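Commentary on secondary and tertiary structure
Spelled out from the first residue to the last, the chains are:
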Amino acid sequence: MMRKPFTTEAQRHREQQRERFLASGSLGFMVFLCVLCVSVVNPAFSKEAAPLAQDEATEKRLVAISSELRCLVCQNESLSGSNAELAHDLRREIRTQIAAGRSDAEIRDFMVSRYGDFVLYRPPLKGTTLLLWFGPGLLFVGGLVALIRYLRRRNSAIKDAPLSAQEREELERLLSAKEPKK
Amino acid sequence: MNRFLWPLIGFVVLVVLLAVGLGLNPREVPSPLVGKPAPAFSLPQVAAPEQNFAPKDMLGKVWLLNVWATWCVSCREEHPILVELAKNKALPLVGLNYKEVRGDGSLDSDKIAPDAEKKLALERANAWLNEHGNPYVLSALDLDGRVGIDYGVYGVPETYIIDKAGIVRLKHIGPVTPDVYSRKILPLVAELNK
């Protein structure tokens, strides 16, 4: 893919920062040089970030759509956050489709028709996903019913046992008795 | 007795669910493409880049589409089995060479011009087939992986069986093993050829 040179808000900001940084004295400049050396020497960091789309609105929509989609290569990452090769390709595809004027729903359908419901982080409500959607609720209700039944049964198991006349007398005597002197 | 029965049943159910769940391969995502027409494309052929290949050229035949690349390690693993499959003449194999240059992490594809990329991809693919044997009646060249997206490719190798009417009947993710070949592919092809 050919990259067209353009300046984004972020790049301009970075450039301003760098200028300020350079102007902020020799120690800062030395640190800057060290950072520069590391980033030039280490090839692991040499790959640039993928270019942003030309306009911010497209990029915002891209992030909104792709953060709701699963990357199939690293399945616990969203398409928006993944750095996998396929995620790059799919983000490019989404950008192209946004540029072509497709709606968010159409783009989502495009992904689902190719990769299945699995790409959606919010699975659709249908026959095969009923248990997925309502299973936790069912478990909760089941647990609640079991708890209520258990508590009721326990309540009825505890019998009220009033004191007999003799026991009451004994109690009175014990309570009214003076404490023996030590 | 009843006191311990229900927790025991719960435990057994949990163990069964976990055993099934953990035994599944999370990479095997069911493809929505199965039962649907194979997406159309027209791509240059690896052996003869001036000619294009389109899936509709295979109408009337049960055929296999295998997504491969020379940088794909698992493709090497399945390659001898594909060669064997081709020898048996059970069905024609068509290759889809997927992102030959861009998919290779060791190449900086951003610095390669489109013309050079195509040339390089053809060279690499043809050299590889010459060296390891060519099981394909032909291979199509998907340089940018766009056709791969239409087929829902997310990990090479992937294999599709497409019937006489051009409907995808099977998608297999990962290398074709002898087991997959004899238990999944051959019976399906026999049935589709009836």
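Here's what I pulled together on the structure shown here. Here the structure is a predicted model, which means the values were calculated and not measured. (Residues numbered from 1 in each chain as written. Chains lettered and ligands numbered in written order. Predicted model: local features only at pLDDT ≥ 70, side-chain atom pairs only at ≥ 80, totals over all residues. Heavy atoms only, no water.)

Brief notes about the pairing of strand 4 (residues 93-98) of chain B
Residues and elements named next belong to chain B. Counting buried positions over the six residues of strand 4 gives six, a clear majority of the element. Burial along strand 4 is two-sided: the residues Leu-93, Gly-95 and Asn-97 and Val-94, Leu-96 and Tyr-98 are all buried. Chirality of the crossover, the property in question, places the unit of strand 3 (residues 63-68), helix 2 (residues 73-88) and strand 4 among those that are right-handed. For strand 4 and strand 5 (residues 138-142), the ladder comprises five bridges, and the chain directions are parallel. (Buried < 20%, exposed > 50% of the residue type's maximum accessible area, 1.4 Å probe, protein only. Helix = DSSP H or I, 4+ residues; strand = E, 2+ residues; numbered from the N terminus. Right-handed = clockwise from strand over helix to strand, strands pointing away. Pairing = 2+ DSSP bridges.)

A short note on the environment of A:Ser67
Residue and element names in this part refer to chain A. Assignment of secondary structure puts Ser-67 in the loop between helix 3 (56-66) and helix 4 (85-99). In sequence terms Ser-67 and Ser-82 are 15 residues apart; their C-alpha atoms lie 9.6 Å from each other. Beyond its immediate sequence surroundings of up to four residues, Ser-67 is in contact with Ser-78, Ser-80 and Tyr-121. Polar side-chain contacts of Ser-67 include one of 2.7 Å to the backbone oxygen of Val-63. Looking at Ser-67, its side chain comes within polar contact range of the main-chain oxygen of Ala-64, at 3.3 Å. (Contact = heavy atoms within 4.5 Å. Polar contact = N/O pair within 3.5 Å; in protein donor to acceptor, adjacent residues only side chain to side chain.)

Some details on the pattern of salt bridges
In the structure shown here, the tally under the stated rule is 17 salt bridges over all chains. Between B:Arg169 and B:Asp163 there is a salt bridge whose closest N-O contact spans 2.8 Å. With a relative accessible area of 7%, B:Asp163 lands in the buried category. When salt bridges with common partners are traced through the structure, they connect A:Glu93, A:Arg114, B:Arg146 and B:Asp150 into a single cluster. (Salt bridge = Lys/Arg side-chain N within 4 Å of Asp/Glu carboxyl O.)

Quick word on unusual backbone geometry
Residues and elements named next belong to chain B. Look at the link from Val-156 to Pro-157: it is a cis peptide, with omega at -5 degrees. On the secondary structure map, Pro-157 appears in the loop between helix 4 (146-150) and strand 6 (158-162). For Lys-89, which is not glycine, the phi dihedral falls at a positive 55 degrees. In this fold, Lys-89 is placed in the loop between helix 2 and strand 4. Positive phi, close to 45 degrees, is recorded for Lys-99, a residue that is not glycine. Relative to the elements of secondary structure, Lys-99 occurs in the loop between strand 4 and helix 3 (114-132).

Topic: the side chain of A:Ser66
All names here are of chain A. Tracing the sequence through the fold places Ser-66 in helix 3. Residue classification places Ser-66 among the buried residues on the basis of a relative accessible area of 1%. At 2.6 Å, the side chain of Ser-66 forms a polar contact with the backbone oxygen of Leu-62. In contact with Ser-66, not counting residues within four places along its chain, are Ser-78, Leu-79, Ser-80 and Ile-94.

Here's the deal with the packing of helix 3 of chain A against helix 4 of chain A
Residues and elements named next belong to chain A. At a closest axis distance of 10 Å, the pairing of helix 3 and helix 4 adopts a crossing angle of 125 degrees. Considering the angle they form, helix 3 stands oblique to helix 4. As for how helix 3 packs across helix 4, the hand of that crossing is right-handed. Of the residues in helix 4, those touching helix 3 at Thr-58, Glu-59, Arg-61, Leu-62, Ile-65 and Ser-66 are Arg-91, Ile-94, Arg-95 and Ile-98. Split by residue class, the contact of helix 3 with helix 4 holds four nonpolar, two polar and four charged. (Axes fitted to C-alpha atoms, helices over the stretch in contact; angles between N-to-C directions. Parallel < 35°, antiparallel > 145°, perpendicular 65-115°, else oblique. Left-handed = near helix turned anticlockwise from the far one by under 90°. Nonpolar A, V, L, I, M, F, W, Y, C, P; charged D, E, K, R; others polar.)

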